[in-house]
Amino acid sequence: MEICTVGGFEEVGKNMTAVKIGEEVFIFDCGFFLPGIIELQEQEKIGYSLPGLRRVGGVPDDRILDQLGWREKVKAIFLSHAHLDHIGGLTFLANRYPHIEIFGTAFTMKVLESLIEDAGVKINNPLRVVNSDSRHKIKSSKEGIEIEFVHATHSTLDCAYLALHTKEGIFFYSLDLKFDNHPTLGNPPNYQRLKELGKEKVKALVIDSLYAYTEKKPGGEKIAEHLLEDAFSKVNQGDKALFITTFSSHIERLNNIVKIGQRTKREIVFLGRSLAKYVGCALKIGKCPFANKVKIAKYRGQVDSILKKVESGRGRYLIVCTGHQAEKNSILDRISRGDTYFKFREGDNLIFSSSVIPTEVNLEAREKLDAKLRKMGVKIQVDVHVHGHGSREDMRELIQMLKPEHVIPAHGSQVQEKPLIGLAEEFGYIEGKTSHLKKNGEIITI
Ligand SMILES: [Zn+2]
């Protein structure tokens, strides 16, 4: 078994791993590096091009697979979940793997389809929609290799761990890892199956080590639900506007916002393209419990006419909108620039059900946005949120259940990944021998 750490081993983003068994290669995830994408947005006003994406490091540098002679040997591509840092790059790289099957769960594949549509690209790869907790033969594999999707909890719908069953043993891919035992939508992780797999031979584990340095568990979505209850109980009522913003792909969180928001008796309206897109995908797969409780405005004209109504009927609406990272042209950005009919006034409410993704661009943009809104007298509540990545304790549990022969930290900078090597030492793994701290574009031969 040879493992190529294509992307996401030196940064948070552009996750991609390739595994070679005999003469067959399998790809796990193919994501965007979002700071690169933001840089590109500044440079290329109309769509993205692959050369542009490569220039800013926005996609995994899969040209390593050409150098290794692996690209022609790719037999299948597997996607773990719908986040852009796991599937965004595939929109632009899929054509380098023509006619190769892409496997993913229903929500992941719906989001991928919508990304492809948005990008205006054509791909000819067959899309294989699979259920969580299911196992599939790879048709084009002569080695009889199978892929298994194991249900996982994270911060979007239909997340899975991926187990590649090979003659040499199992290659296990656990991005992104978080054990939430009390999810508010869907089931807890499939611990039973993880333990069973641990009894078979797990040869290698690629593990999400973003928070390997912290023992403290982030808390599950149930905690976020209580935080939201608190936040809503503190808002200024009466004729004060009420806005809340969160991650558009976090359907479970949106469901909690709607559930608790309904108690305010305000009409709930979702504003913004990305919210409409992810909610639309959830709706198409029948996993949007709040669909008939909210109104959704996608296009600018619709958004502006709703905001006009909010301006004159501030106490009547609960607005769920985009802009938690102060992204350019998000609803919050537009409002704060005075680009809409609606203007925040003294005593209006804004809840951030999110944390700032700590990149320079985001930190600076949010600081500016918050300062501007506070100056206007807006009551801002921040960090009403629990994040979707597990702690060191979750990683410890996973290693205990799977008992892999080799451990490979991923999903972070080397600084974030290094503590996982230390954790692996607890179990007797030896760095360079059975635990491997790798940069992008390296090979591990097992
Ligand atoms: Zn994720």
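Remember, predicted model here, so these are calculated numbers, not experimental data. (Residues numbered from 1 in each chain as written. Predicted model: local features only at pLDDT ≥ 70, side-chain atom pairs only at ≥ 80, totals over all residues.)

Trainee: Requested: an account of the overall build of the protein chain, with residues and values cited.
Mentor: Helix and strand counts for the protein chain come out as 15 helices and 19 strands. Radius of gyration (C-alpha) of the protein chain: 22 Å, near the 22 Å computed for a compact globule of 446 residues. In the protein chain, which comprises 446 residues, the share counted as buried stands at 50%. (Helix = DSSP H or I, 4+ residues; strand = E, 2+ residues; numbered from the N terminus. Rg over C-alpha atoms; globule rule 2.2 N^0.38 Å. Buried ≥ 20, exposed ≤ 12 C-beta atoms within 10 Å, placed from the backbone.)

Trainee: Report on helix 13 (residues 360–375), specifying residues and quantitative values.
Mentor: Along an α-helix, residues three or four positions apart point the same way, because every turn accommodates 3.6 residues. With 16 residues, helix 13 ought to run about 22 Å at 1.5 Å a step, and its terminal C-alpha atoms sit 23 Å apart, in line with that. Residues of helix 13 that are buried: Ala-365, Arg-366 and Leu-369. End-on view of helix 13: buried residues confined to an arc of 95°, all on one side of the axis. Exposed side of helix 13, more than 90 degrees from the buried face: Glu-360, Glu-364, Glu-367, Ala-371, Arg-374 and Lys-375 are the residues found there. Its buried side turned inward, helix 13 meets helix 12 (331–336). Looking one or two places after helix 13, you find Gly-377, whose phi comes out positive at around 90°. (Expected span 1.5 Å × (residues − 1). Arc of directions from axis to C-beta. Contact = placed C-beta atoms within 7 Å.)

Trainee: An account of the nonpolar core is needed here, citing residue identities and associated values.
Mentor: Phe-78, Leu-162, Phe-172, Ile-207, Leu-271, Ile-319 and Val-320 are the most contacted members of the largest nonpolar core, which has 135 residues in total. Counting contributing residues, this core receives three or more from each of domain 1 (2–217 + 388–445) and domain 2 (221–381). Residue contacts for Ile-319: discarding those within four places in its chain leaves Leu-242, Phe-243, Val-269, Leu-271 and Val-310. (Core = buried A, V, L, I, M, F, W, Y, C linked by C-beta atoms within 7 Å. Domains from an automatic or database assignment.)

Trainee: If you had to explain the sheet that holds strand 17 (residues 379–381) to someone new, which residues and values would you point to?
Mentor: Strand-to-strand pairing in sheets goes through backbone hydrogen bonds, with the strands running parallel or antiparallel. One open sheet accounts for six strands, arranged 14-13-15-12-16-17; its pairing is parallel. Only two strands of the sheet have a single partner each, and these edge strands are strand 14 (295–297) and strand 17. For this sheet, the mean angle separating the axes of adjacent strands, direction not counted, is 20°. As defined by bridge partners, strand 16 (residues 349–353) adjoins strand 17 across three bridges and the pair is classed as parallel. Looking across to strand 17, one finds that Asn-349 is bridged to Lys-379. (Pairing = 2+ DSSP bridges. Axes fitted to C-alpha atoms, helices over the stretch in contact; angles between N-to-C directions.)

Trainee: Kindly report on the pairing of strand 12 (residues 242–246), identifying the contributing residues and their values.
Mentor: Taking burial as the measure, the five residues of strand 12 include five buried ones, the bulk of the element. Every second residue of strand 12 is oriented toward a common face, with Leu-242, Ile-244 and Thr-246 on one face and Phe-243 and Thr-245 on the other, all of them buried. Two elements, strand 12 and strand 16, share five bridges in a ladder whose sense is parallel. The partner of Thr-245 across the bridge, within strand 16, is Phe-352.

Trainee: So what's going on with the domain arrangement of the protein chain? Residues and values would help.
Mentor: Domain annotation for the protein chain reports domain 1 (2–217 + 388–445) and domain 2 (221–381). For domain 1 and domain 2, the distance between their C-alpha centroids amounts to 31 Å. Sorting elements by how many residues they give to the side of domain 1 that touches domain 2 places helix 6 (residues 106–119) first, with five residues. For the side of domain 1 that touches domain 2, the residue count by class is nine nonpolar, six polar and two charged. (Nonpolar A, V, L, I, M, F, W, Y, C, P; charged D, E, K, R; others polar.)

Trainee: Explain the environment of Ile-331 to me, using residue names and the numbers behind them.
Mentor: Looking at the element boundaries, Ile-331 is found in helix 12. With 27 C-beta atoms counted inside 10 Å, the residue Ile-331 sits in the buried group. The spatial distance from the C-alpha of Ile-331 to the C-alpha of Val-129 is 33 Å, given a sequence separation of 202 residues. The contacts of Ile-331, once residues within four sequence positions are left out, are Leu-271, Gly-272, Val-303, Cys-321, Thr-322 and Gly-323.

Trainee: So, the packing of helix 8 (residues 221–233) against helix 9 (residues 251–261): which residues are in play, and what are the values?
Mentor: At a minimum axis distance of 10 Å, the contact between helix 8 and helix 9 shows a crossing angle of 35°. Considering only the axes of helix 8 and helix 9, their crossing is right-handed. Residues Glu-221, Ala-224, Glu-225, Leu-228, Glu-229 and Phe-232 of helix 8 form the contact with helix 9, whose participating residues are Glu-252, Arg-253, Asn-256, Ile-257, Ile-260 and Gly-261. (Left-handed = near helix turned anticlockwise from the far one by under 90°.)

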